[in-house]
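# Topology and contacts: notes
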Amino acid sequence: MVEQGSATDKVTNKVMDDRAANGVQRVVFVGAESTGKSTLSNYLAHAYDTVAVPEIGRFIWEEKQGRLGPDDYVDIAVKHRAAEDEAMAQARRWLFVDTNALTTLLLGVEFHQVGDPPPATLLRCADDCRARYAHTFVCADDIPYEEQAARENEAWRGRIQQLVLRDLAARGIPYTVVRGSVEERARQVRRVLDGAMR
């Protein structure tokens, strides 16, 4: 039987091998709900003729109507990583990713559905985010809040947004905040990515 830690290490090594093999780098968009992460990642995937990985947690949240436990959050993190790994083969230069395990962990704790200490696998997935993504972009909460059944409210969005920023700072993960319309945000992202290619 393979221990979970060993499996996680193998996934991490596979990520590095994939990146070296085809030159694809992962770009992740984080932020609270209704900050335009999905819209921006899909927009950029089209602009760069590549692919985007959707937020897997949203599907599981909706399927279980928000009644999640610690194992569900582990499932979300692991399935999200697997979706990224699978998409690497179709990606060209950049793989755009909507959300990561840092947000999965944060939301699990804030919804009081993940206890202290959190599951070890979830912690490892979150810790791996520092090296897993070449660029981290935070979608600002400066766009109108869109009500949806699976969402909370605008005040919650503002609170989670601040927690996301604090978590990135505490972990020492560099990030760029993008603001404005999807076109304006895309231009801000392109300046960073195109600059990195020079």
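One can find the structure itself at the top, above this paragraph.
Residues numbered from 1 in each chain as written. Predicted model: local features only at pLDDT ≥ 70, side-chain atom pairs only at ≥ 80, totals over all residues. Heavy atoms only, no water.

### What about the overall build of the protein chain?
Along the backbone of the protein chain there are nine helices and five strands. Mapped from its N terminus to its C terminus, the protein chain presents α and β elements in the order α-β-α-β-α-α-β-α-α-α-β-α-β-α. The burial tally for the protein chain puts 46% of its 198 residues in the buried class. For the protein chain, contacts bridging at least 24 residues in sequence account for 81% of all contacts bridging at least 6. Here the protein chain has roughly 10000 Å² of accessible surface; of this, 51% comes from carbon and sulfur atoms. (Helix = DSSP H or I, 4+ residues; strand = E, 2+ residues; numbered from the N terminus. Buried < 20%, exposed > 50% of the residue type's maximum accessible area, 1.4 Å probe, protein only. Contact = heavy atoms within 4.5 Å. Areas by Shrake-Rupley, 256 points an atom, 1.4 Å probe, with all protein chains shown as cover.)

### Some details on the sheet that holds strand E1 (residues 25-30)
Ordered in space as E2-E3-E1-E4-E5, the five strands form an open sheet in which the pairing is parallel. Sheet topology places strand E2 (51-53) and strand E5 (176-178) at the edges, where each strand pairs with a single neighbour. The mean inter-strand angle of the sheet, taken between neighbouring strand axes irrespective of direction, is 30 degrees. Taken together, the five bridges between E1 and strand E3 (residues 94-98) define a ladder with parallel strand orientation. Paired with arginine 26 across the bridge in E3 is leucine 95. Contacts from helix H9 (residues 182-196) reach E1, E3, strand E4 (135-139) and E5 within the one sheet, and its direction differs from that of E4 by about 170 degrees. (Pairing = 2+ DSSP bridges. Axes fitted to C-alpha atoms, helices over the stretch in contact; angles between N-to-C directions.)

### Observations concerning the pattern of salt bridges
Under the counting rule described, the total for this entry stands at 15 salt bridges. Across the pair lysine 64 and aspartate 72 runs a salt bridge whose closest N-O atoms are separated by 2.6 Å. Classification of aspartate 72 by relative accessible area gives buried; the value is 13%. The partner of glutamate 154 in a salt bridge is arginine 157, and the shortest N-O contact between them spans 3.5 Å. Here arginine 157 and glutamate 154 lie together in helix H8 (residues 154-171), a separation of three residues that amounts to about one turn. For glutamate 154, a relative accessible area of 49% gives the class partly exposed. Several salt bridges share partner residues, and in doing so they unite Arg26, Arg81, Glu84, Asp85, Asp128 and Arg132 into one network. (Salt bridge = Lys/Arg side-chain N within 4 Å of Asp/Glu carboxyl O.)

### Observations regarding H8
Taking 1.5 Å per residue as the helical rise, H8 with its 18 residues ought to reach 26 Å, and the 26 Å between its terminal C-alpha atoms agrees with that figure. Taken together, the buried positions of H8 are Trp156, Arg157, Ile160, Gln161, Val164, Leu165, Leu168 and Arg171. Close packing links the buried residues of H8 with E1, helix H5 (101-110), helix H6 (120-127), helix H7 (129-132), E4 and E5. The positive-phi residue at the C-terminal boundary of H8 is glycine 172, with phi of around 70 degrees. (Expected span 1.5 Å × (residues − 1).)

### Here we look at the pairing of E4
Both faces of the sheet carry side chains from a regular strand, because those side chains alternate between them. Of all five residues in E4, five are buried, a share of seventy percent or more. Burial of the side chains of E4 extends over both faces: His135, Phe137 and Cys139 are buried on one face and Thr136 and Val138 on the other. Across four bridges, E1 lies against E4 in parallel orientation. When the sheet's bridge partners are listed, valine 28 is paired in E4 with threonine 136.

### Quick look at helix H2 (residues 37-47)
Among the residues making up H2, those that are buried are Lys37, Leu40, Ser41, Leu44 and Ala45. The buried residues of H2 occupy an angular sector of 130 degrees when the element is viewed end-on, so they sit on one face. For H2, the secondary structure elements touched by its buried residues are E1, E2, E3, E4, E5 and H9. Where H2 ends, the next residue or the one after it, aspartate 49, has phi of about 55 degrees, a positive value. (Arc of directions from axis to C-beta.)

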